[in-house]
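Observations on chain architecture
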Amino acid sequence: MGKTLRVFDFDDTLAKSVSYIYIRHADGSQSTLDPAEYAVYEPKAGDSFDFRDFNRMLNNPKVIKKNVDLLRRMISSPEKKVTILTARKLGFPVKYWFKKNLGIDVYVVALGDANPQAKADWIEQHIKKGYTDIAFMDDSIKNVKAVGSLQKKYPDIRVKSVLAVEHLTTNERKELLEQYYSDKFKELL
Ligand SMILES: [Mg+2]
């Protein structure tokens, strides 16, 4: 029998923390992005990224209740493997925060890699280990697409890749939805 895997991103999916990504551009200028902005940022040649805020202990992040409730429900069913999969370099601050503030004991995997393919690769390893029912939730459309593409590669298993939108305003959700359908349409051209 196949095994079940449930995977959640952390930043802006389960909680919104005050952390920024600092970019130094090829011309020497700098910009600062929050995780939602970073999720849709198209890297330019010569950009260098600094993720220092994500290596610290968490500074009172705001819980995204709907998704944390979902996480809690999934953890309560022992036949499911439930993991937080983060691009952060350190998993410990996330694990510690869940335990201390929410009383949730959760397995955290820190990839130290913000490339969407890194998340897809981690999930693909689990497909190879016999997981056949997989659900993934992330606020980054790039991550959702990378993981979602595994469904095409493995049509016999179930890969459900879901975009978390709870951290967005109504307008941002609308824009994202429009972008999503326009991309879908372009795929048909
Ligand atoms: Mg995120």
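Each value, and the rule that gives it
- Residues numbered from 1 in each chain as written.
- Predicted model: local features only at pLDDT ≥ 70, side-chain atom pairs only at ≥ 80, totals over all residues.
- Domains from an automatic or database assignment.
- Contact = placed C-beta atoms within 7 Å.
- Nonpolar A, V, L, I, M, F, W, Y, C, P; charged D, E, K, R; others polar.
- Pairing = 2+ DSSP bridges.
- Helix = DSSP H or I, 4+ residues; strand = E, 2+ residues; numbered from the N terminus.
- Axes fitted to C-alpha atoms, helices over the stretch in contact; angles between N-to-C directions.

Turning our eyes to something else, we now look at the domain arrangement of the chain. When cut into domains, the chain gives domain 1 (3–16 + 62–188) and domain 2 (21–55). Distance from the C-alpha centre of domain 1 to the C-alpha centre of domain 2: 22 Å. If you look at the interface, domain 1 gives ten residues, while domain 2 gives seven residues. Looking at side-chain class alone, the side of domain 1 that touches domain 2 contains two nonpolar, two polar and six charged residues.

This brings us to the pairing of strand β4 (residues 30–33). When strand β3 (residues 21–24) meets β4, the two strands line up antiparallel, connected through four bridges. Bridge pairing in β4 places isoleucine 23 opposite serine 31. Between β3 and β4, which pair antiparallel one after the other, the connecting turn spans five residues, and glycine 28 there sits at a positive phi close to 90°.

An order of β4-β3-β5 is seen for the three strands of this open sheet, with the pairing classed as antiparallel. Either end of the sheet is taken by a strand with one partner, and the two such strands are β4 and β5 (48–50). With strand direction ignored, the average angle separating the axes of adjacent strands in the sheet is 25°. Bridge count for β3 against β5 is three bridges, and the pairing is antiparallel. When the bridges of β5 are listed, arginine 24 appears paired with serine 48.

For strand β1 (residues 3–8) and strand β9 (residues 131–138), the ladder comprises six bridges, and the chain directions are parallel. In the strand pairing of β9, valine 7 is matched with phenylalanine 136. Two elements, β9 and strand β10 (residues 158–163), share six bridges in a ladder whose sense is parallel. Residue alanine 135 lies in a different strand from β10, and its bridge partner there is lysine 160.

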